[in-house]
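In case you want the letters, here they are:
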Amino acid sequence: MNANSPILIFDSGVGGLTVLGELRKALPDAPVIYAADMAGLPYGAKSEAEIAARVSGLLGRMAERYRPRLICIACNTASTIALGMVRDVLEIPIVGTVPAIKPAAALTRSGTMGLLGTEATMRQTYVDNLEREFAVGKTLLRHGANGLVPLAEAKLRGEKVSVGAVADEVKALVLQPGGRDLDTVVLACTHFPLLEPELREAMGADITFVHGAEGIASRIAYLTSDHSFEREGPDFAVTTGELADFEKLDRAFANYGIEVLEKF
């Protein structure tokens, strides 16, 4: 393994920056390429077949071009649908992102938890299995909030996002039977932690929000614990979409140590 081989962080958009932020803390010297499938955004409204084919195809091409030492699929929707397929195809370590139901079940005091993600994530058997394994005796209320994804992207572009707009996207979670007992909410989309201040104001200060970015970074650090790291150039981000649109996010990327944006 070359010391300058990068870690590739892949997401449908820029939600994976929440994972990158934690990875910077765990592995500050690791070279990173951030890949955003902006041309495929949003994933939440796509079919499972579309997502599986798109993610596995893109990651195959990216692995060939960039030769990463590890790929992190920093997208809950892509991970719950395509993680197994990607691992079958690529012979490098693949770290996925799954809803943090296990830690949420340990934190809840009322026994009632919420799960906020995309509609595609909400209907996956993978999520059903996590609930059966880790939330026995608990109540898990689910809500697919696809509309939070563009709000998070808008916030990163420097646009003002109103609490009211966020509240409109999540109110169906609270209005479910048992919703008033919610005390813990899993943010099962890497975009959603970007809106945590707005979510907290919309849902109440007593809600505990749980997401998996820190755990993902720890897993990557564990899998690369015997690796050496050396940058031969600046970290950069690539987009499958229009570069001019991507460059509107330059300030957001700069906050995470990425100042070079390119077209894939």
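These notes cover the structure that comes with them. (Residues numbered from 1 in each chain as written. Predicted model: local features only at pLDDT ≥ 70, side-chain atom pairs only at ≥ 80, totals over all residues. Heavy atoms only, no water.)

With parallel pairing, four strands are arranged side by side in an open sheet as E6-E5-E7-E8. Lying at the two open borders of the sheet, with one neighbouring strand each, are strand E6 (139-144) and strand E8 (208-210). Strand after strand, the sheet turns through a mean of 25° between neighbouring axes, direction not considered. (Pairing = 2+ DSSP bridges. Helix = DSSP H or I, 4+ residues; strand = E, 2+ residues; numbered from the N terminus. Axes fitted to C-alpha atoms, helices over the stretch in contact; angles between N-to-C directions.)

Here we take up the environment of isoleucine 220. Secondary-structure assignment places isoleucine 220 in helix H10 (residues 213-223). A C-alpha to C-alpha distance of 32 Å links isoleucine 220 and methionine 203, two positions 17 residues apart in sequence. Other than its neighbours up to four places away in sequence, isoleucine 220 contacts Ile7, Leu23, Leu27, Leu70, Cys72 and Val95. (Contact = heavy atoms within 4.5 Å.)

With that settled, the discussion passes to the packing of helix H2 (residues 48-66) against helix H3 (residues 76-89). At their nearest, the axes of H2 and H3 sit 9 Å apart, and the two run at 60° to each other. Taken together, the axes of H2 and H3 lie oblique to each other. The hand of the H2/H3 crossing is right-handed. Packed against H2, whose contacting residues are Glu48, Ile51, Ala52, Val55, Ser56 and Leu59, the element H3 presents Thr77, Ala78, Ile81, Ala82, Met85 and Val86 at the interface. Class assignment of the residues belonging to the contact of H2 with H3 gives a composition of nine nonpolar, two polar and one charged. (Parallel < 35°, antiparallel > 145°, perpendicular 65-115°, else oblique. Left-handed = near helix turned anticlockwise from the far one by under 90°. Nonpolar A, V, L, I, M, F, W, Y, C, P; charged D, E, K, R; others polar.)

A word on the packing of aromatic side chains. Following the criterion strictly, the structure yields four aromatic pairs and no others. Relative to phenylalanine 236, the ring of tyrosine 66 lies with its centre 5.9 Å away and its plane at 65°, an arrangement referred to as edge-to-face. Of this pair, tyrosine 66 sits in helix H2 while phenylalanine 236 is found in strand E9 (residues 236-239), placing the two residues 170 residues apart along the sequence. Comparing tyrosine 66 with phenylalanine 236 shows no difference in burial state: the two are buried. Taken together, Tyr34, Phe246 and Phe253 form an aromatic cluster joined through their ring pairs. (Phe/Tyr/Trp six-rings, centres within 6.5 Å; stacked < 30°, edge-to-face > 60°. Buried < 20%, exposed > 50% of the residue type's maximum accessible area, 1.4 Å probe, protein only.)

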